Amino acid sequence: MNKETVVNALRQVVADSYALLGQTHLCHWNVRGPGFFALHAAFEGQYTELFAAVDELAERVRALGALAPGGLSNLARISGMEEIAEDTPADQMVAHLAKANRKVIASLGEARKAASEAGDDETEDLMIARTQIHEKTVWMLEAYLA
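Residues numbered from 1 in each chain as written. Predicted model: local features only at pLDDT ≥ 70, side-chain atom pairs only at ≥ 80, totals over all residues. Heavy atoms only, no water.

(A) A look at the pattern of salt bridges. According to the stated counting rule, one finds six salt bridges in the structure shown. The residue E49 makes a salt bridge to R130 at a minimum N-O spacing of 2.4 Å. One end of the pair, E49, is in helix α2 (residues 36-63); the other, R130, is in helix α5 (residues 121-145), and 81 residues separate them in sequence. According to the relative accessible area criterion, E49 is partly exposed, its value standing at 28%. Residue classification places R130 among the buried positions, given a relative accessible area of 4%. Between R112 and E124 there is a salt bridge, with its nearest N and O atoms 4.0 Å apart. Here R112, found in helix α4 (residues 90-118), pairs with E124, found in helix α5; they are twelve residues apart in sequence, far enough to count as distant. (Salt bridge = Lys/Arg side-chain N within 4 Å of Asp/Glu carboxyl O. Helix = DSSP H or I, 4+ residues; strand = E, 2+ residues; numbered from the N terminus. Buried < 20%, exposed > 50% of the residue type's maximum accessible area, 1.4 Å probe, protein only.)

(B) Fine view of the nonpolar core. Ranked by internal contacts, the top residues of the largest apolar core, which has 38 residues, are L10, L20, C27, F43, L57 and M127. At eleven residues, helix α1 (residues 3-30) tops the list of elements feeding residues into this core. (Core = buried A, V, L, I, M, F, W, Y, C linked by side-chain atoms within 4.5 Å.)

(C) The arrangement of the environment of A106 in detail. In this structure, A106 sits in helix α4. For A106, a relative accessible area of 47% gives the class partly exposed. Each C-alpha atom of the pair A106 and D91 lies 23 Å from the other, and the pair is 15 residues apart in sequence.

(D) Looking closely at the environment of D55. Structurally, the position occupied by D55 is in helix α2. Judged by relative accessible area, D55 falls into the partly exposed class, the value being 42%. Remark: the alpha-carbon pair of D55 and Y18, spanning 37 residues in sequence, is separated by 9.6 Å.

Okay, structure coming up:
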């Protein structure tokens, strides 16, 4: 694998992470029901963390000499992440975000593999750190549903 493969994988991670950010923000704004307070706060923590992460990921793309993807329609096209309706019930929001985080984990795995094969330790390390965060998020979301 080469640097271009790493960059393309990173661009996918940026797009998926941005799509997840948007879906998490939508859930934060529109959650309702008995779990409102806990979920509203949890979703805020998640989208706030994701906002900083997307910046770090995009800056890694730039550090590798490429351009970071942007624009909502472009990011949506690259990601292809399933979206949910604004009036989705709370439990379905949580399940959706768990699934969306798993999609990001898969993209991170591809980028990690590409970075490893290209000898790009810095990108590989970033992918490992991001994977740990998303795995913890999936655990917490699924624990809520249990």
